[in-house]
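Given next are the chains, with one letter for each unit.
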Amino acid sequence: MADYPDGLWLGIASTAVPRDGRRRWRPGVHYRRIARAARRHGMRVCLFDPGRQAEWSRISAYVPVDSNRPDGDWEPASLRFPDVIYENVYVHLAVKGYSAALRAQARRRGVPLFNPMLPGKWQMVGFLRRAQLHHLVPETEMLTTADALWRALERWRIVYVKPSGGYGGVNVHRLELLADGRVRMRADRRGGRVRAWERVVDRRRLADFVQSLRGRYLVQRGLRLFRVNGRRVDFRVVLHRDHQGEWQLIGIVPKMAAPDGVVTNIIAGGERWTLEKLESAAKREGKEVPVGDLVRAAKSIAEALSRRYETVGLVGFDMAVEEDGHVWMIEMNPKPARSLLDRPMLEKLAACQAGFAHWLAHR
């Protein structure tokens, strides 16, 4: 294994590393983008799996065979601990502690690591309240009892019941209190399978539903979402900090729910649109997309987060616009899917990731 002791190193922690010890390998295109951008800051990039390190004084990683040509093959390398780390392990692994040892090593060595662990859904509600940004989050409560859920329905008529630690639209339910006192329940995706369903229940069956839930759930006021072509739409707003530590807009991606869909998640039947396409369709209906308000709201939340979590660099917010024009933050994605972004957005993202790493390393 080659030895690369010198230079300023950006380490990317990921599970997307060969496990068979192959001598030559070419990583995913976005990692190569970051490596190209890092060269402009005089940095070299290594890619390593934090769960497969024998010991931490030397990192087993992959680096470009030719540092001037990161789009070519990469090879195994033995490196000292990097100067700055971008932790890009899948969310479901990170929450189970896959990167815990790496994070502990980075803290012990005083090495900046982005992104840090950020608040979950319920903690985020409290964070925004303390940051005096409560006007950007819909009324939200922890689900405690069936009676409390009933009172929320009486108060708001439409609510969303969602798992506090969930993602991907899994087990999100839309509940509507009907005029006859029954409740219409709808969901797009449950468990690992796509399976839309709808039923109308009485109050006793509603209690059975609450009893069936496992884990912590939230109750959130249902919003009268902005619609285009009769379909609900929300917006993924992705931000990243740059080479000066300032938040930059990477992109806004409208997500259209399936006709009569509950959530806009792509894996639950939603559809990605371009902002230009949505603005054009909305204009034909006499509507305007409040792009400026979306960006200002997202940046105000991101700036509050970076005051509390100094090494946060990437956030994706699911933002909503109500029919009256009010902008809301539905939930935060600490590792937003790159699959929603187009190529110019991805190029800007890679440039910001390399620039932010350089800024962190030199603070």
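None of the values given here were measured: they were computed from a predicted structure.

### Quick notes on unusual backbone geometry
And step 1. The omega angle of the peptide bond from phenylalanine 114 to asparagine 115 is 0°, so this bond is cis rather than trans.
And step 2. Looking at where asparagine 115 falls in the secondary structure, it is placed in the loop between strand E7 (113–114) and helix H4 (121–130).
And step 3. Its identity is not glycine, yet glutamine 132 carries a phi of approximately 60°, on the positive side.
And step 4. Within the secondary structure layout, glutamine 132 lies in the loop between H4 and strand E8 (140–142).

### So, the nonpolar core
And step 1. Residues Met124, Phe235, Ile301, Leu305, Val315, Phe317 and Met319 are the most contacted members of the largest nonpolar core, which totals 40 residues.
And step 2. Elements that contribute at least two residues to this core include exactly H4, strand E15 (231–241), strand E16 (247–256), helix H7 (275–284), helix H8 (291–308), strand E18 (314–321) and strand E19 (327–333).
And step 3. Among the elements that make up this core, the one with the highest residue count is H8 (eight residues).
And step 4. Not counting residues within four places of it along the chain, the set of residues in contact with leucine 305 comprises Pro119, Met124, Phe127, Val312, Val315, Phe317 and Met332.
And step 5. With 32 residues, the next largest nonpolar core counts Met345, Leu349, Ala350 and Ala357 among its residues.

### Notes on the side chain of arginine 103
And step 1. For arginine 103, the position within the fold is in helix H3 (residues 100–109).
And step 2. Residue classification places arginine 103 among the buried residues on the basis of a relative accessible area of 13%.
And step 3. If sequence neighbours within four positions are ignored, arginine 103 has contacts with Glu87, Leu113, Asn115, Pro116 and Met117.

### Thoughts on the pattern of salt bridges
And step 1. In this structure the tally under the stated criterion is 30 salt bridges.
And step 2. Between aspartate 49 and arginine 19 there is a salt bridge, and its shortest N-O distance comes to 3.6 Å. Of this pair, aspartate 49 sits in the loop between strand E3 (43–48) and strand E4 (59–64) while arginine 19 is found in the loop between strand E2 (8–13) and helix H1 (29–39), placing the two residues 30 residues apart along the sequence.
And step 3. Judged by its relative accessible area of 3%, aspartate 49 falls in the buried class.
And step 4. Taking the shortest distance from any N to any O, the salt bridge between arginine 296 and aspartate 293 comes out at 2.7 Å. Here arginine 296 and its partner aspartate 293 are both found in helix H8, three residues apart, which amounts to about one turn of the helix.
And step 5. Each of Arg32, Arg33, Arg36, Asp71, Arg343 and Glu347 takes part in salt bridges that share partners, so that together they form one network.

### Some remarks on helix H6 (residues 203–212)
And step 1. Taken together, the buried positions of H6 are Leu206, Phe209 and Val210. Buried residues along H6 cover an arc of 95° about the axis, so they all sit on one side. Opposite its buried face, H6 presents the exposed residues Arg204 and Gln211, each directed more than 90 degrees away.
And step 2. For H6, the N-terminal capping position is held by aspartate 202, with its side-chain oxygen 3.2 Å away from the main-chain nitrogen of arginine 204.

### Some words on H3
And step 1. Taken residue by residue, H3 has Leu102, Arg103, Gln105 and Ala106 as its buried positions. All buried residues of H3 lie within an arc of 160° about the axis, which places them on one face of the element. When the buried face of H3 is taken as reference, the exposed residues oriented beyond 90 degrees from it are Arg107 and Arg108.
And step 2. Contacts from the buried residues of H3 go to E2, E3, strand E6 (84–87) and E7.
And step 3. Positive phi appears at glycine 110, one or two residues downstream of H3, with a value of about 70°.

### A word on the environment of alanine 298
And step 1. Inspection of the secondary structure assignment puts alanine 298 in helix H8.
And step 2. The sequence separation of alanine 298 and leucine 136 amounts to 162 residues, and the corresponding C-alpha distance is 9.2 Å.
And step 3. With residues near it in sequence (within four places) discarded, alanine 298 still touches Val237, Leu239, Phe317 and Met319.

What counts, and where the lines are drawn
- Residues numbered from 1 in each chain as written.
- Predicted model: local features only at pLDDT ≥ 70, side-chain atom pairs only at ≥ 80, totals over all residues.
- Heavy atoms only, no water.
- Helix = DSSP H or I, 4+ residues; strand = E, 2+ residues; numbered from the N terminus.
- Core = buried A, V, L, I, M, F, W, Y, C linked by side-chain atoms within 4.5 Å.
- Buried < 20%, exposed > 50% of the residue type's maximum accessible area, 1.4 Å probe, protein only.
- Contact = heavy atoms within 4.5 Å.
- Salt bridge = Lys/Arg side-chain N within 4 Å of Asp/Glu carboxyl O.
- Arc of directions from axis to C-beta.
- Polar contact = N/O pair within 3.5 Å; in protein donor to acceptor, adjacent residues only side chain to side chain.

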